[in-house]
Amino acid sequence: MADPMKARATLKGDVAEIRVLMGHPMETGQRKGSDGKPIARHFIQNVTVKVNGKTVVEGEISQAVSRNPVFSFRVKGAKSGDKVEISWLDNKGATNKTETAIA
Amino acid sequence: MRISGCGGALLMALALAAAPAVAQQSQFEKYQKMVAEGSPVELFELVGEDLWKKPQGPNKVSLENCDLGQGPGVLQGAYARLPRYFQDVDRVMDLETRVLHCMTTLQGRSREEATKRLFGNADKPSEMEYLSAYVAGHSRGHPMAPGQSNAKEKASYELGKKLFFVRTGLWDFSCASCHGEEGKRIRMSELPVLYKPEAARPLMATWPAYRVSNSTFKTMQWRINNCFRQMRTPEPVFGSEVVNALNMFLTVTGQGETYRGPGTKR
């Protein structure tokens, strides 16, 4: 089952507030399991936000961000109905994305 | 958070100047608002949806035809009307007890297998926790209206009310030992006087919930079980008449409140 991801985008004037919940373990690699062995690093490295196909945010995050990150972005000049796509890439090469329209 | 310099001193002076009772109340509300903003509750609802629709057990069926009291497969407002009496089992059931019933009857799973891991943890939440989030989410905006017309529903309420005040276990605690006096708290959680409607209403309108201190989703069966553990009273059986009765008592006391959806707690 893919890690769940949910986004919501609302408009205030001409600024869209996009909020995204990303399910991900975000393991730092420092934690030890019950067997005493370190749990392998597993975290999102890149987050990309596109509005109507145009990239507006390209972010690099690290293992400093905790489990199930929540991000919020403000995009100026957005209109109701604009398509928002948020995607991520983690250190294991896995990706996920979600789409929503600006309310 | 460090408060330094004369700006900090001014802030401290203002805080001390405010009436103690008012300042304490807003502290809890501020904290609750802060944690609610980043809540991953919806992630649990999404996974719960997948699990609800997944064919499982020897019968290889999903839970989609589970009757939670409003008819088979009806999820809208179902949680807000629990606990209630179910004719097919001739007893009162709350959400989790009913979901377990659907697992064993619809899906043909054994009680042993279905209850093997009811309470999960941050690394691996349990199936029941995800399902509870999904079902409860469908009652957002509905008024809490547990069953109260049937004789067994009334008996369940009375039993729950009685149990709330019974002192038992190693420390001779009852629910009322912590939840029976105004103005008490445990760390950053106020201890509401739960037999009072004004206290029970906002609380019952936000369970099950994501619990920050556990970094995961917790249910009412877990909450009551954990209270028993904290009171050093033997752990109740999952879905037992005792837990259902306490849940019934609390829900009836909080009835009428609009259910806000799974909440976020300390």
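Residues numbered from 1 in each chain as written. Chains lettered and ligands numbered in written order. Predicted model: local features only at pLDDT ≥ 70, side-chain atom pairs only at ≥ 80, totals over all residues.

Student: Just to check I follow, could you spell out the overall build of chain B for this structure?
Tutor: If you tally the helices and strands in chain B, you get 11 helices and 7 strands. In summary, chain B has a C-alpha radius of gyration of 20 Å against a globular reference of 18 Å for 266 residues, a match within 12%. In terms of its C-alpha atoms, chain B occupies a principal-axis envelope of roughly 70 × 40 × 35 Å. Counting over 266 residues, chain B shows a buried share of 35%. Sequence-distant contacts in chain B: of pairs separated by 6 or more residues, those separated by 24 or more amount to 69%. (Helix = DSSP H or I, 4+ residues; strand = E, 2+ residues; numbered from the N terminus. Rg over C-alpha atoms; globule rule 2.2 N^0.38 Å. Buried ≥ 20, exposed ≤ 12 C-beta atoms within 10 Å, placed from the backbone. Contact = placed C-beta atoms within 7 Å.)

Student: For this particular structure, what's the right way to read the confidence of the model for chain B?
Tutor: Low-confidence regions, as indicated by low pLDDT, have predicted coordinates that should not be scrutinised in detail. All names here are of chain B. Across chain B, the average pLDDT comes to 90, with 90% of residues at 70 or higher. For the stretch residues 1-23, pLDDT sits under 50, and the model shows 5 contacts to residues farther than four places along the chain or on other chains. Reported confidence for the predicted complex is 0.81 by ipTM and 0.86 by pTM. (pLDDT = per-residue confidence, 0-100.)

Student: Teacher, can you tell me more about the interface of chain A and chain B here?
Tutor: One widely used convention gives an interface's size as the accessible area the parts lose upon coming together. If you look at the interface, chain A gives 8 residues, while chain B gives 8 residues. Classifying every residue of the side of chain A that touches chain B by side-chain character gives 4 nonpolar, 2 polar and 2 charged. (Nonpolar A, V, L, I, M, F, W, Y, C, P; charged D, E, K, R; others polar.)

Student: I'm lost on the packing of helix α10 (residues 220-230) of chain B against helix α11 (residues 241-253) of chain B in this one. Help?
Tutor: For any two helices packed against each other, the geometry comes down to the angle between their axes and how far apart the axes lie. Residue and element names in this part refer to chain B. At a minimum axis distance of 10 Å, the contact between α10 and α11 shows a crossing angle of 105°. Between α10 and α11, the interaxial angle falls into the category roughly perpendicular. Contacts between α10 and α11 pair Met220, Gln221 and Ile224 from the former with Val243, Leu246 and Asn247 from the latter. Looking at the contact of α10 with α11 residue by residue, the class counts come to 4 nonpolar, 2 polar and no charged. (Axes fitted to C-alpha atoms, helices over the stretch in contact; angles between N-to-C directions. Parallel < 35°, antiparallel > 145°, perpendicular 65-115°, else oblique.)

Student: It is not clear to me how the nonpolar core should be interpreted in this structure. Could you clarify?
Tutor: Nonpolar side chains tend to gather and get buried jointly when the protein is soluble and globular. Among the nonpolar cores identified, the biggest contains 70 residues, and Val84 of chain A together with Phe44, Val99 and Val135 of chain B are the most heavily contacted of them. Excluding residues within four positions of it along the chain, Phe44 of chain B makes contact with Pro125, Glu129, Tyr130, Ala133, Tyr210 and Phe217 of chain B. (Core = buried A, V, L, I, M, F, W, Y, C linked by C-beta atoms within 7 Å.)

Student: Would you explain the packing of helix α3 (residues 41-52) of chain B against helix α6 (residues 127-137) of chain B in this entry?
Tutor: Residues and elements named next belong to chain B. Two elements in contact, α3 and α6, have axes whose closest approach is 7 Å; the angle formed by their N-to-C orientations is 105°. One element, α3, and the other, α6, form an angle in the roughly perpendicular class. Two secondary-structure elements touch here, α3 through Val41, Phe44, Glu45, Val47, Gly48, Glu49, Leu51 and Trp52 and α6 through Glu127, Glu129, Tyr130, Leu131, Ala133, Tyr134 and Gly137. Classifying every residue of the contact of α3 with α6 gives 9 nonpolar, 2 polar and 4 charged.

Student: I would appreciate a short explanation of helix α7 (residues 151-165) of chain B in the present structure.
Tutor: One turn of the α-helix equals 3.6 residues, which is why residues spaced by three or four share an orientation. All names here are of chain B. For α7, built from 15 residues, the straight-helix expectation of 21 Å at 1.5 Å per residue is met to within 8% by its first-to-last C-alpha distance of 22 Å. Those residues of α7 not exposed but buried are Ser156, Tyr157 and Gly160. Seen along its axis, α7 keeps its buried residues to an arc of 100°; they face one direction. Opposite the buried face of α7, by more than 90 degrees, sit the exposed residues Ala151, Lys162 and Phe165. On its buried side, α7 packs onto β2 (91-93) and α11. (Expected span 1.5 Å × (residues − 1). Arc of directions from axis to C-beta.)

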